[in-house]
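Here's the letter readout for the chains.
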There are 8 protein chains.
Amino acid sequence: MDQDKLRMLLEHLQHGKTDIEEVMERLKDLPYEDIGFAKVDNHRELRNGFAEVIYCAGKTPTQVQGIVQVMRRDGASILGTRASKELFKSVRAIAPEAVYYEDARCIVIDPKKKKQEEPLIAVVCAGTSDIPVAEEAAVTAETFGYPVDRIYDVGVAGLHRLLGEMPRLRQADVVIVIAGMEGALVSVVGGLVDRPVIAVPTSVGYGTSFHGITALLAMLNSCASGVTVVNIDNGFGAAYSACLMLKMNERRINH
Amino acid sequence: MDQDKLRMLLEHLQHGKTDIEEVMERLKDLPYEDIGFAKVDNHRELRNGFAEVIYCAGKTPTQVQGIVQVMRRDGASILGTRASKELFKSVRAIAPEAVYYEDARCIVIDPKKKKQEEPLIAVVCAGTSDIPVAEEAAVTAETFGYPVDRIYDVGVAGLHRLLGEMPRLRQADVVIVIAGMEGALVSVVGGLVDRPVIAVPTSVGYGTSFHGITALLAMLNSCASGVTVVNIDNGFGAAYSACLMLKMNERRINH
Amino acid sequence: MDQDKLRMLLEHLQHGKTDIEEVMERLKDLPYEDIGFAKVDNHRELRNGFAEVIYCAGKTPTQVQGIVQVMRRDGASILGTRASKELFKSVRAIAPEAVYYEDARCIVIDPKKKKQEEPLIAVVCAGTSDIPVAEEAAVTAETFGYPVDRIYDVGVAGLHRLLGEMPRLRQADVVIVIAGMEGALVSVVGGLVDRPVIAVPTSVGYGTSFHGITALLAMLNSCASGVTVVNIDNGFGAAYSACLMLKMNERRINH
Amino acid sequence: MDQDKLRMLLEHLQHGKTDIEEVMERLKDLPYEDIGFAKVDNHRELRNGFAEVIYCAGKTPTQVQGIVQVMRRDGASILGTRASKELFKSVRAIAPEAVYYEDARCIVIDPKKKKQEEPLIAVVCAGTSDIPVAEEAAVTAETFGYPVDRIYDVGVAGLHRLLGEMPRLRQADVVIVIAGMEGALVSVVGGLVDRPVIAVPTSVGYGTSFHGITALLAMLNSCASGVTVVNIDNGFGAAYSACLMLKMNERRINH
Amino acid sequence: MDQDKLRMLLEHLQHGKTDIEEVMERLKDLPYEDIGFAKVDNHRELRNGFAEVIYCAGKTPTQVQGIVQVMRRDGASILGTRASKELFKSVRAIAPEAVYYEDARCIVIDPKKKKQEEPLIAVVCAGTSDIPVAEEAAVTAETFGYPVDRIYDVGVAGLHRLLGEMPRLRQADVVIVIAGMEGALVSVVGGLVDRPVIAVPTSVGYGTSFHGITALLAMLNSCASGVTVVNIDNGFGAAYSACLMLKMNERRINH
Amino acid sequence: MDQDKLRMLLEHLQHGKTDIEEVMERLKDLPYEDIGFAKVDNHRELRNGFAEVIYCAGKTPTQVQGIVQVMRRDGASILGTRASKELFKSVRAIAPEAVYYEDARCIVIDPKKKKQEEPLIAVVCAGTSDIPVAEEAAVTAETFGYPVDRIYDVGVAGLHRLLGEMPRLRQADVVIVIAGMEGALVSVVGGLVDRPVIAVPTSVGYGTSFHGITALLAMLNSCASGVTVVNIDNGFGAAYSACLMLKMNERRINH
Amino acid sequence: MDQDKLRMLLEHLQHGKTDIEEVMERLKDLPYEDIGFAKVDNHRELRNGFAEVIYCAGKTPTQVQGIVQVMRRDGASILGTRASKELFKSVRAIAPEAVYYEDARCIVIDPKKKKQEEPLIAVVCAGTSDIPVAEEAAVTAETFGYPVDRIYDVGVAGLHRLLGEMPRLRQADVVIVIAGMEGALVSVVGGLVDRPVIAVPTSVGYGTSFHGITALLAMLNSCASGVTVVNIDNGFGAAYSACLMLKMNERRINH
Amino acid sequence: MDQDKLRMLLEHLQHGKTDIEEVMERLKDLPYEDIGFAKVDNHRELRNGFAEVIYCAGKTPTQVQGIVQVMRRDGASILGTRASKELFKSVRAIAPEAVYYEDARCIVIDPKKKKQEEPLIAVVCAGTSDIPVAEEAAVTAETFGYPVDRIYDVGVAGLHRLLGEMPRLRQADVVIVIAGMEGALVSVVGGLVDRPVIAVPTSVGYGTSFHGITALLAMLNSCASGVTVVNIDNGFGAAYSACLMLKMNERRINH
């Protein structure tokens, strides 16, 4: 669909020749913006629920700046993940309102206004070393407008620490569990709650932890039902899925 | 908590010494029933959202019969997965109302009454050989009371088949995508919808498909956001998670 | 050391030319008995703490019969593991006092008399399908003369089942934990007791459980300290190690 | 040594101009040039279709200079792959006409004259990070004399970007598809064209992308027919094969 | 595109409102035929170059019969791979003209008329055990209308056997090389010809041959340029790609 | 249990309303101390037998300082493993009595007073490169109060070196065997002693030693009975388990 | 074709008895015999030291009969490995002098006359289950004419059994060591002798023995020098190499 | 055996109470020299055929110096492998006669005098990048006193280069073949010679070469008989084995 057709479509809407549902439907086929080294997918929010997110690892500062400029011009919320502090500086140079979350290694511009207290995502992690991944998840969810309850360092070697946080856990609508090593926390949490659990294996550990593979395998084989899994260290992906679940929720409520 | 304490708790409720919320909370700590070879977890629905499901693979007919008898006595909906036709016969001998779904290899007794048309789970699969896993997912969801739309044999080698089903896909609240071989269907679906996508790799393929590992890895690395993954051939687990998402949804609506 | 030298050594003892400690020491270098297809290590109890055990898998009935005859002639306790019922029948034909433990797939002849109530080995397993491995461990320990407390079907998906058995767990001197799938039970038990925990991964599961590799890896990476691990399905090896720990214990007490 | 020279050698023997020992020796000795650390295969073009290519990784500047000098003396087109900018400088010192392609990490000397517009190789890649591999393929093909159409950043997460390029794709005679992560682009392209597709997995991704193994496995298991695969990041190899296909083509046309 | 639109399109052609090229183009978007358990992709030949092929492994006789009936009604050439003799019998019951190739495990109905002597595909295999895969490749190519030269049992352990077949090898336009164990034949052939080489690893071998993985890895790392690889035992896929290369060739010739 | 309840419990003890056993039991449920980035498990010694140990890898100096301060305030023995010399300096800044063991990479504060000569742990290693892991084990055991006999560089390639140390080996109550490469030392030691053997694979080796995986696999498959295994390079874990074995021992003796 | 025949061929050319085309053709055509499904390499003894050996696994009785007939006609010694008893019967039907070695699964026809007592190959194996592989090695060596000393069931768990056989071991010129599980026997033997050691891993074991991979890896990483390794269960290959070593030996002696 | 016993033994020899054979035999049980961090095995030459070799990787300069001093005092030939140039400098400081081979990364002191021209080891490698491993093998053999013929850069992609070197290959008594990538050179050489072939996989390659695993697997599965394999990059080990083969040879000749 080119720009002319889009204009015509919107004029039809203006003059009552079509209705909003139809326009929403047609807009899902909108094209991308080609900036040479990348094709910015500027209607992803419409099609996929949330705006395109910039995975910064392996992109040059110039490339990230280019993408930020196009997205910012369109007024999208911007989330850049796996961003170094150096990269943040180049982004801030062209977007002074950008904020950097160091633990999470995320750049955020113009996040969605935080919604009311609920629905709520619990981000639970097993140990101190899992915090960077947990923060990537938490910042992602907050950028998309959902509140987060952080419950950290509750690994099963000291089970009482987790049991002590059960009331907070039971408040959540979706639970993201983040753990490295043997990832047993996922099964224990999965057995204690009646909410969807998204498990994120982390590359924390040594020897046969195999940079997160052991945790991943353990999570895929969890004896607790209701657990789904994302890639190693993919805090962003877990939060994205959690937000989609809550968004689906809202759609129903608004119906 | 033993039976006496439970009786006392309920008497307190009867006499106004406690309230329902408190009882609900305490019941979450109810014990299991020990039948020797197994400890039947008869309050799992209360704690985890759905009744315990019998994973029949590797259990003897006598063991399954024993578990079915305890659960049936308590009036629970019963779902037995990975059940052979022979096993079904022994179950029917003690529970004549049991139904067998051959494609899905599932035994169902007294499923939840089907709820209204929505919310809806789409179960999408790539090829004919993926159907058993897809049916395990579909029967699980239906047993738990959620309607399912089956969209089968829409692998990406013939992309037009999938694109032709987009309207049905967009109706769903949650999408379960089931594929073996290289699992590319997940990424394509993930890029086209704004709903949570649960990916199920299947052991379909040969050579380097490695009995589903290739599909699993591909799904974990999907370039589409909003995808979470379960174990190979785990149709049940995908449906369980999907139902938890919809249940969370209902809780909010009823609030 | 040949038989003559052995005779001479014992005569020296008889006549006061040496003492018992010396003879015990020298006997550790005693030779084996060569029966053609095998060299029966008939002083292993002296050297390694317990008599040689017959790993029956892959041996013909005739080979097992031959080894049993040599060991029986020497009055050793006999334990045959991974034994089919058919194999048992050939053994019983030459050793009518032989007993078969079906769940454990073990043949036992003339076990050590059960010692007093303590020290005690707890054999804990996660699910019904882990019972064969658990029984191999339990029967091994009992054959070597140590009492066992069986705590079965207490997987972490229903954590209250395990917590309900804590008093029994805390009675044990050594804890063997047996689990397949993601093996999370090991970490939870390891975090709750102050006893040595020996973890046995089982080949229970499907897909990415990889016939026990996932459970093995999880156990090797347990966040709980005090856990050591044996090969997949190696119930015998876990019990053997547990008995060595208790035997060391006795030696000290008797000192 | 071409067929003519071989025939001449044998004629010399027939006419007594040489003797048997000499022929035996020569027959073993097709003409490479031994420069100590390497044997330059200077008739590879005759035998394999294209001149030898210098894989620069792990060669010292002196070694590369040596090989370049021998090949240049023979007037061959020279292509050096996996070349750093530093290495290029040493090559330019002895061959001022050398050109460096930075994205592709290639050194080129005296490429074949670009042939007419057709036949045409399409080089398609999924994301920005795949561009270096794509450029290695493109520069290789161009050095061998074939035109290339670059279609970049068309990963399936935004399927409309790929569908928008279908007309260009359908112009190509051979399609090289380059992707990391889950490599789903290969299956989608393979299902849409009736040309040979050469798939190149890249080491782009993290966690379970396993430095390209996941993409490789996915491509080998593509549900689309007509796809063949090369080693991870092997843009050069894909282009070499594509050129052989087109060359075979020409041979037929010229017949 | 629905049937009405198709009719209209063809009427336009009839009345000169459009031309054949345009219709050919539009037909590429034709839909599939849904027969319940499968969606038969009856315009694949138009889109992908060759008709859909039935991968029989894991399909029931009834399913294969159903697909054969639809395809036969449309007059397509039919190729069924991985077909047992039993399956063939059910196919012959509804299609008496069906032919079975036992070594290749293929069912063929109405193959394309064999074209003239050229272009030619050489199918080369290393040992006797590789013949089934080689035959799958050969029968596939012949069914699609291309002549094949079979060069079997020329593994590198007896290099002279391969060198003796060089003249036949050099006649081919495309070479398919099939080998198990260490797959070295691919590199030797790749170094001797100037044609595209498609390598097929087979599951022939034992121990660390890992059912073809070793051969696959060796082929992906071939030191010879111009080699591309397909999945283990995928004789069909290699032939399909080879035919696409020759077809591309014809298109150019006919231009 | 909050502080008030704890106070009440202790008052009950003071006034004879409860006894020591009961208090000991209840104290096992004591809570942890939350210091923001970590939850210090300050009653682990009571529950698990030994105080919490700080795994320093991946923790910042500030984090380690914080944990040390809390533990030191409570008078616990402190062991920090995988600690660099730099980290030690920051710890010493706040705890001048801290000692650094360079080979073992351990920080120790206020170790338990060394107990009498026995029971004794033998720490055996195969080669010079295994010494760091061996020292981690030895320092851990000594910090927990158990004497250690170090028997180093006795790999089986020079079997006489090991046989020469048999008298020392036979003195030990528990044997820790540390080896990289093929780890054969474990099987040889396991066959020569009647004590529990804890095997620690190390990442020493190259090529197919796979950073310790080969040694690990070899140890898990040891033909000697009585061997249990810990993670690669996990000297700490082996010593922790050995100490638990000896502690269990003491409990019995004191009964 | 031996050197004399080649020389004669060239002399014919020199003297005009043949022409160039013919020589070119013949030179490519060293003398294998093509019997359709196989190319029998009947001058392998000349080129490789020993006659071609028939690997029977995966060959039909008819194929093996065909090869035997060609080789027998040429008077070669025949060795068929991995042969079932059924296969032997079909061979005996056409070669009544054939002998079957059941443990070794080998068919032998007309073995080389046993040479004098020396040089000698020691075949050493760890356990009873390794005997089939050991026998394949022993029968191979004996068929090629070299005497063998069998030293079986001397695994390192009972080290005294091996040490008791040291005098026999030191008599050997080459030592073949065969072991499954952790393969430690190889390192111990390698450290005790000054002869070449050829290690054969066997698929004996369970769980993480991975069908011989663990033994293979352990052997490749042996801390003893002078060890080389062959594929899992490849008793034949080990013996073949051992015989080549002794043959080289003879060549020197005869010089 | 302590020094006193050794003295007594030698006195017995002096006075005719024993003979040389007996002394040689007893000396094989001589002890090692314990220098704290290492036990130098100073009679290894007697027992294993060649003096202990110092694997320098992972040893500190001080440790290497210490070992060199002990060995040098005993007059042994010294070979240090995997030695950096820096390490060499510390060795030269205490042993000015030390020589450094840069390509081979070896330090040599007082090598055995080169023996006559034969027996001969051929060291063959596939490409320029394999030269360091080839040189490690060559320098090792030369240090042990055996002549080496280096045949480099003869990979199979240019088969004529290898065929051209056949006369040199056929001169060798043992052939060491060194290759990375797919290692096909081993099979081709193995099929052309009647000498023992020792294959050394190298870590040369990228992507799925997996740092030498692919080459290793290919070599273990070579279709050529008479090939044995050592660990990745283990040039030293291959040469050590080759020398043992030649030494065995000499023993026979001298008999």
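Counting from 1, residues in each chain are numbered in the order their sequence is written. A letter from A marks each chain and a number from 1 marks each ligand, given out in the order of writing. In view of the model being predicted, local features appear only for residues whose pLDDT reaches at least 70, and side-chain atom pairs are presented and counted only at 80 or more, with totals across whole chains, interfaces and linings using the full set of residues. With hydrogens and water stripped out, all remaining heavy atoms of the structure feed into the side-chain values.

Draft legend 1. Main features of the pairing of strand β9 (residues 174-179) of chain F. All names here are of chain F. For the exposure calls, accessible area comes from a 1.4 Å probe over protein chains only, and a residue counts as buried if that area is under 20% of its type's maximum, exposed if over 50%, partly exposed in between. Here a strand is any run of E in DSSP of at least two residues, a helix any run of H or I of at least four, and the numbering for each starts at the N terminus. Counting buried residues along β9, six of its six residues qualify, which places the element largely inside the surrounding structure. Here, a strand pair is defined by DSSP locating no fewer than two bridges between the strands. Of the pairings in the sheet, the one linking strand β7 (residues 121-125) to β9 comprises five bridges and is parallel in character. For V123, the partnering residue across the bridge sits in β9 and is I176. In terms of strand pairing, β9 meets strand β10 (residues 197-201) through five bridges, oriented parallel. Along β10, the bridge assignment pairs I178 with V200. Tracing the backbone out of β9, into helix α9 (residues 184-192) and back to the parallel element β10 gives a crossover that is right-handed. Here a crossover is taken to be right-handed if, once the strands point away from the viewer, the path from the first strand over the helix to the second is traced clockwise.

Draft legend 2. How the structure looks around the interface of chain B and chain D. For this analysis, residues touch if any pair of their heavy atoms sits within 4.5 Å. Across the boundary between the two partners, chain B contributes 23 residues, which contact 23 residues of chain D. Both sides of the chain B and chain D interface together cover about 1900 Å² of buried area, and 70% of this is carbon and sulfur. Pairs of N or O atoms within 3.5 Å make up the polar contacts considered here, provided that, within protein, one atom can donate a hydrogen while the other can accept it, and that residues adjacent in sequence are counted only when both atoms are side-chain atoms. Our count for the contact surface shared by chain B and chain D stands at eight residue pairs in polar contact (both at pLDDT 80 or more). Every element with two or more residues in the side of chain B that touches chain D is listed here: α7 (159-163), α9 (184-192) and α10 (213-220) of chain B. The biggest single contributor to the side of chain B that touches chain D is α9(B), with five residues. Two parts placed together each lose some accessible area under a 1.4 Å probe, and the buried area is that loss summed for both.

Draft legend 3. Layout of the domain arrangement of chain A. Residue and element names in this part refer to chain A. When the domains of chain A are assigned, the result is domain 1 (31-109) and domain 2 (121-254). Contact with domain 1, which involves 14 residues of that partner, is made by 16 residues of domain 2. Of the roughly 1300 Å² buried where domain 1 meets domain 2, counting both sides, 69% is carbon and sulfur surface. Here a salt bridge means any side-chain nitrogen of Lys or Arg lying within 4 Å of a carboxyl oxygen belonging to Asp or Glu. Linking domain 1 with domain 2 are one salt bridge. Residues R82 and E136 are paired through a salt bridge, measuring 3.0 Å at the closest nitrogen-oxygen approach. Viewed at the interface, domain 2 and domain 1 are joined by two residue pairs in polar contact (both at pLDDT 80 or more). For the side of domain 1 that touches domain 2, the elements supplying multiple residues, two or more each, are β4 (78-81) and β6 (106-109). Broken down by element, the side of domain 1 that touches domain 2 gets its largest block of residues, three residues, from β4. Polar here means any residue other than Ala, Val, Leu, Ile, Met, Phe, Trp, Tyr, Cys and Pro, which are nonpolar, and Asp, Glu, Lys and Arg, which are charged; Gly is therefore polar. Within the side of domain 1 that touches domain 2, the residues separate by chemical class into eight nonpolar, three polar and three charged. What counts as a domain boundary in this text is fixed by an automatic or database domain assignment.

Draft legend 4. Main features of the packing of aromatic side chains. Centres within 6.5 Å make a pair out of two Phe, Tyr or Trp rings, where for Trp the six-membered ring is used; the pair is then stacked when the planes are under 30 degrees apart, edge-to-face when over 60, and tilted otherwise. For the structure shown, the criterion picks out 32 aromatic pairs over all chains. Ring centres of F:F88 and F:Y100 lie 5.1 Å apart, and the angle between their planes is 20°; on these two criteria the pair is classed as stacked. Here F:F88, found in helix α5 (residues 85-94), pairs with F:Y100, found in strand β5 (residues 99-101); they are twelve residues apart in sequence, far enough to count as distant. You can call F:F88 buried: its relative accessible area is 7%. A residue is classified by how much of its surface remains accessible, and F:Y100, at 16% relative accessible area, is buried. One aromatic cluster is present, formed by A:F144, A:F236 and A:Y240 through successive ring pairs. Charge-over-ring placement is defined geometrically: NZ (Lys) or CZ (Arg) within 6 Å of the ring centre, and within 35 degrees of the ring normal. Here F:R82 stacks its cationic end above the ring of A:Y206, 4.5 Å away from the centre of that ring.

Draft legend 5. Focus on the pairing of strand β8 (residues 148-151) of chain G. Residue and element names in this part refer to chain G. Relative to β8, strand β7 (residues 121-125) is paired through four bridges, and the arrangement is parallel. Paired with V123 across the strands is R150, a residue of β8. Handedness of the crossover joining β7 and β8 through helix α6 (residues 131-143) is recorded here as right-handed.

Draft legend 6. Examining the pattern of salt bridges more closely. Residues and elements named next belong to chain A. Applying the stated rule across the entire model yields 64 salt bridges over all chains. With its nearest N and O atoms 2.9 Å apart, the salt bridge here joins R72 to E97. One end of the pair, R72, is in helix α4 (residues 61-73); the other, E97, is in the loop between α5 (85-94) and β5 (99-101), with 25 residues separating them in the sequence. The partly exposed category is assigned to R72, whose relative accessible area is 34%. E97 sits in the partly exposed class, given a relative accessible area of 37%. Between R168 and E165 there is a salt bridge; the shortest N-O distance is 3.2 Å.

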